[in-house]
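In case you want the letters, here they are:
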Amino acid sequence: MPDSLPYGLEQIRPLLEASLDGVIVTDRQGRIIVFNPAAEAMFGRSSRDVIGQPVGGVVVPSHLRSKHETAMLRRLADTADTSSRQRFETEGMRADGSIFPVELTVTELLLSGGERMLVAYLRDITARQQLRMSEERYRLAIRGANDGIFEWDVEHGTAFYSERLEEIVGRRASDLGDNITAWHEHVHPDDLEALKQETRRLLRGDIPTIAMEYRIRRADGDERWIQVTAATARDSHGRVLRVGGSIGDITERKRSAAKIESQREALYQSEKLSALGSLLAGVAHELNNPLSIVVGHAQMLKESAAGTSFAERADKIEVAAARCARIARTFLAMARQRRPSRRRVVLDRVIEDALNLLDYNLRSAGIMVERRYDADLPAINADPDQINQVISNLIVNAQQALAGRSESGRIVVSVACSADNQWLEARIEDNGPGIPANLRRRVFEPFFTTKPPGHTPGSGTGIGLAVSHGIVTAHGGQLEVEEAPGGGACFVLRLPIGEAITAESPDGKPLGTNLPGADGQHALVVDDETGVADLLAEILHATGLKVVVAASGYDALERISQTQFAVILTDLRMPGLDGRSLFHRLRAENPDLARRIVFVTGDMLSADIAEFIRNSGQPCLEKPFSPGDLRRAIRQIIDTRQSPAITAS
């Protein structure tokens, strides 16, 4: 500052020198009169160098000088108000030419002699502007961030929630509360205790941060998974001042992970099913040969021992063997998952077959079964094995639901026609715990199960109901679950009744009665299973046919070259030349003889076997078979092939 100042300014020299703001005083021409120490420091200039110079050329950047001069002239021309102040932000220029932001306040000073001067108060606001830019960047980053930001000011009881956080949780900031306790109201009840425990550890200082995943409930009722990271700010005494962090919406990630896990589990279960299917198919196929022998001999023994006590025993053997045969067919149906092979079915009889199959397990579990079948129920067109599979699965599910209950278990099985006579309805009810309403629509999803983790092995994999639903749908029917009157579960099976179906004509002819056209004719039996071949030969012999047995396809060709045969029965699966190869050979060399073939197989459900038989056009006898089944197959050949047998060349 100069050694001497105009009168009036000299009196405030101490204030000018002590001011933290830069103070510049100019005369009416804009020449600098006062340039205080703070201004020297701010602009990097000595007052001795600037006194008497135009202020615009000293502190105003070149691009603002014209504007500065215009404003000064306008201010000096205004004599109405000499005390008004104007505060605004502009730019200043240091001695080195660098530009920096300043806050400027201009006022007029009227000296005692009537002289008017302009006084400028300047403040370097570089730090403030940097802070402002930092805050703007922070706000921009918050707005652009995928995660929501929050902060709870524990000391002052306030909270901050970003717009993105409001979007994630589906609530306004004003509805979220201003503390942690208020936030807990929006957390899923199943996850709340874990969050509280982690929060307590964070506030105690046991952990530096929280990083966890949990569910929240939005205002619209939707549940969302969020990932939360939070930390604390503390004072020098360790007291928590603020809690802040970020929240990310990971719902889609969770759903994708669950879907991948479900697919992985589905693949695992599929592999298990494939292995199980191969095992069941193998077991069923191996059972069919001995079962054919048991069923056939039991029927022959019953007829030959008619009127004696042995007939009753033979009948019991036949019933047990037929039950084993149904089990084997069910195994194959489960293994092959074939399309329905429809025929006349009486639904209550199929249900009884299933109950008989499960009778021992139900009685062992102390479960009472109550039957309610309407009279004169119509027959339907369905696959009895597949419907048996569905019924068995529903009954087993009911049995598992009743496991471990203190009160007596009860299953009610009822069959009736629908009110419009369009459906045959079977209901299987239990008095178990039932299925929650929100889970009923999911019980038919593949691999979905209501069994808790760690349940008893074999008590449910989520496959049976899905398979059952698929079978019923393939039949044009419906499978639904309802709440039973007593609070348990009630599965409702509806199958279309359709047109009336007449019963198949049973073969009631005694074994000793010759078939028309069979007497004296030759039949060839080709089977590598001696027991099955002998049974076929015995039944055929009783019909009047002369029987020749061959143990292989090659042996059969030799027999054919020597004898004329009216009918040929051949197993499909044999070592060496099997039944299919024998048929192709005869069709090429002797088509008429090939048309006299009846195939015998224990696995009609195999895709390759079923396709071959369908393309061949020849009848097929499925193991285990009854003598009546065999007679019907032979009659079909003899009745439609009356031309003389031709010896293969």
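Here we summarise the structure given alongside this text. The structure displayed is predicted, hence computed values, not measured ones.

Within the protein one finds 21 helices and 22 strands. Here the protein, with 649 residues, has 42% of them falling under the buried criterion. Put simply, 60% of the contacts in the protein that link residues at least 6 apart link residues at least 24 apart. For the protein, the computed accessible surface area is about 34,100 Å², with 50% contributed by carbon and sulfur atoms.

With 38 residues, the main nonpolar core has L347, I351, I391, I395, I411 and F491 as its most contacted residues. Mapped onto this core, the elements with two or more residues apiece are α12 (347-364), β13 (380-382), α13 (384-401), β14 (409-417), β15 (423-430), α15 (464-474), β16 (478-483) and β17 (489-496). In terms of residue count, the dominant contributor to this core is α12 (7 residues). Each residue touching F491, except ones within four places of it in the same chain, is listed here: L394, A426, R427, I428, I435, F444, L465, E480 and V481. If you look at the next biggest cluster of nonpolar residues, it comprises 24 residues, including F150, W183, L202 and A230.

With 18 residues, α13 should cover 26 Å at 1.5 Å per step; its first-to-last C-alpha distance of 26 Å lies within 8% of that length. Most of α13 is tucked away, with 14 of its 18 residues classed as buried. Regarding α13, its N-cap is D383, as a side-chain oxygen of that residue lies 3.0 Å from the backbone nitrogen of D385 further along.

Here we come to the pairing of strand β5 (residues 116-124). As judged from the 5 bridges shared by strand β1 (residues 22-26) and β5, these two strands associate in the antiparallel manner. Bridging across to β5, I24 finds its partner in A120. Bridge analysis of strand β4 (residues 99-110) against β5 gives 9 bridges, and the strand direction is antiparallel. Bridging from a neighbouring strand, T107 pairs with V119 of β5.

Evaluated as defined, the whole model comprises 7 aromatic pairs. When the centroid spacing of 5.2 Å and the interplanar angle of 65 degrees are considered together, the rings of F599 and F612 count as edge-to-face. Here F599 is found in strand β21 (residues 597-601), whereas its partner F612 is found in helix α20 (residues 607-616), with 13 residues between them in sequence. Take F599 and F612: they sit in the same class, and that class is buried. Taken together, the ring pairs in this structure connect F35, F43 and F100 into an aromatic cluster.

Within the open sheet, the 5 strands sit side by side as β12-β14-β15-β17-β16. Their pairing is mixed. Only two strands of the sheet have a single partner each, and these edge strands are β12 (367-373) and β16. Each adjacent strand pair in this sheet contributes to an overall mean axis angle of 15 degrees, direction not counted. Docked against the sheet, α12 engages β12, β14, β15 and β17, running at close to 170 degrees with respect to β12.

Moving on, we come to the environment of D608. In this structure, D608 sits in helix α20. Those residues in contact with D608, other than ones at most four positions away along the chain, are R573 and R580. A distance of 3.5 Å separates the side chain of D608 from the side chain of R580, its partner in a polar contact.

Turning next to empty space enclosed by the protein. According to the stated counting rule, one finds 3 cavities of 30 Å³ or more in the structure shown. In this structure, the largest cavity occupies an estimated 130 Å³ of space. Surrounding the largest cavity, 15 residues form its lining, W152, L195, T199, I210 and V228 being those nearest its centre. Those elements that place two or more of their residues in the lining of the largest cavity are β6 (148-153), α8 (180-184), α9 (189-204), β8 (209-217), β9 (223-234) and β10 (240-249). Residue composition of the lining of the largest cavity, by class: 13 nonpolar, 2 polar and no charged.

Moving on, we get to the packing of helix α18 (residues 579-589) against α20. One can describe the packing of α18 onto α20 by two numbers: an axis separation of 12 Å at closest approach and a directional angle of 25 degrees. One element, α18, and the other, α20, form an angle in the roughly parallel class. Here α18 runs over α20; the crossing is left-handed. Every residue of α20 that contacts α18 at R580, F583 and H584 is listed here: D608, I609, F612 and S616.

In the structure shown here, the tally under the stated rule is 35 salt bridges. Among the salt bridges present, the one from R13 reaches E17, with a minimum N-O distance of 3.7 Å. A residue pair is termed a helical-turn pair when its members lie 3 or 4 positions apart in one helix, as R13 and E17 do in helix α1 (residues 13-18) at 4 residues. Taking relative accessible area as the criterion, E17 reaches 41% and is therefore assigned partly exposed. In the salt-bridge network here, residues are joined through shared partners; they are E89, E103, R128 and R132.

Criteria and thresholds
Residues numbered from 1 in each chain as written. Predicted model: local features only at pLDDT ≥ 70, side-chain atom pairs only at ≥ 80, totals over all residues. Heavy atoms only, no water. Helix = DSSP H or I, 4+ residues; strand = E, 2+ residues; numbered from the N terminus. Buried < 20%, exposed > 50% of the residue type's maximum accessible area, 1.4 Å probe, protein only. Contact = heavy atoms within 4.5 Å. Areas by Shrake-Rupley, 256 points an atom, 1.4 Å probe, with all protein chains shown as cover. Core = buried A, V, L, I, M, F, W, Y, C linked by side-chain atoms within 4.5 Å. Expected span 1.5 Å × (residues − 1). Polar contact = N/O pair within 3.5 Å; in protein donor to acceptor, adjacent residues only side chain to side chain. Pairing = 2+ DSSP bridges. Phe/Tyr/Trp six-rings, centres within 6.5 Å; stacked < 30°, edge-to-face > 60°. Axes fitted to C-alpha atoms, helices over the stretch in contact; angles between N-to-C directions. 1 Å grid on protein atoms, 1.4 Å probe; cavity = no way out; pocket = protein on both sides within 12 Å on 5 of 7 lines; lining within 4 Å. Points joined across faces, edges and corners; volume = space filled by probe spheres on them. Nonpolar A, V, L, I, M, F, W, Y, C, P; charged D, E, K, R; others polar. Parallel < 35°, antiparallel > 145°, perpendicular 65-115°, else oblique. Left-handed = near helix turned anticlockwise from the far one by under 90°. Salt bridge = Lys/Arg side-chain N within 4 Å of Asp/Glu carboxyl O.

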